[in-house]
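Chains, contacts and geometry: an overview
One letter stands for each residue in the lines below.
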Amino acid sequence: MSAPRMKKTAAILGFCSACGFLPLTAWAQASQGYSDYRQSLIAGGWKPNVGYGLKTARGKPLYKFPEVVCGPTLCNAKWRDPQGHEKVITLIRGLEGADHRVAPQ
């Protein structure tokens, strides 16, 4: 991209984020692996809803994290903020053992 085009793109993204159309945190999350994002949530006082995820017959989580339920390409993870409000986080499923990626919110 040329410099003027990059400046124009940055200006548009900045305007949209200021208006609330495209939160910058969503851009940061989109490039972030779920393992790191999960740790930042825990550090911020959030708690995973471990009863949401699927379990094996022996009671162990079906997926790596107990708050996650996956489809073919997307997953959902349920969390509670420090005040107890529930939030669903959409993840892009990692293939062949790769970490899930946080989808733009």
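Below you will find a few notes about this structure. Computed from a prediction, not measured in an experiment: that's the story for all the values here.

What counts as what
Residues numbered from 1 in each chain as written. Predicted model: local features only at pLDDT ≥ 70, side-chain atom pairs only at ≥ 80, totals over all residues. Heavy atoms only, no water. 1 Å grid on protein atoms, 1.4 Å probe; cavity = no way out; pocket = protein on both sides within 12 Å on 5 of 7 lines; lining within 4 Å. Points joined across faces, edges and corners; volume = space filled by probe spheres on them. Nonpolar A, V, L, I, M, F, W, Y, C, P; charged D, E, K, R; others polar. Phe/Tyr/Trp six-rings, centres within 6.5 Å; stacked < 30°, edge-to-face > 60°. Helix = DSSP H or I, 4+ residues; strand = E, 2+ residues; numbered from the N terminus. Buried < 20%, exposed > 50% of the residue type's maximum accessible area, 1.4 Å probe, protein only. Disulfide = S-S within 2.5 Å. Pairing = 2+ DSSP bridges.

Let us now look at the layout of surface pockets. The space that makes up the largest pocket amounts to roughly 160 Å³. Along its surface, the largest pocket is lined by Tyr63, Lys64, Phe65, Val68, Arg93, Gly94, Leu95, Glu96, Gly97, Ala98, Asp99 and His100. Within the lining of the largest pocket, the residues separate by chemical class into five nonpolar, three polar and four charged.

Next up on the list: the packing of aromatic side chains. With the rule as written, the count across this model stands at one aromatic pair. Measuring from ring centre to ring centre gives 5.2 Å for Tyr34 and Phe65, while their planes differ by 75 degrees; the resulting arrangement is edge-to-face. Here Tyr34 is found in helix 3 (residues 34-43), whereas its partner Phe65 is found in the loop between strand 1 (47-48) and strand 2 (68-70), with 31 residues between them in sequence. A relative accessible area of 12% means that Phe65 is categorised as buried.

Evaluation of the coordinates by the stated rule reveals one disulfide. Across a sulfur-sulfur distance of 2.1 Å, Cys70 and Cys75 are joined as a disulfide pair. Around the S-S axis, the bridge from Cys70 to Cys75 shows a dihedral of about 100 degrees and counts as right-handed. Grouping residues by exposure puts Cys70 and Cys75 together as buried.

Bridging between strand 3 (residues 74-80) and strand 4 (residues 86-92) involves seven bridges; their strand directions are antiparallel. Paired with Cys75 across the two strands is Leu91, which belongs to strand 4. Counting the residues that bridge the hairpin from strand 3 to strand 4 gives five residues, and of these Gly84 lies at a positive phi of roughly 95 degrees. When strand 4 meets strand 5 (residues 101-102), the two strands line up antiparallel, connected through two bridges. Bridge pairing in strand 5 links Ile92 to Arg101.

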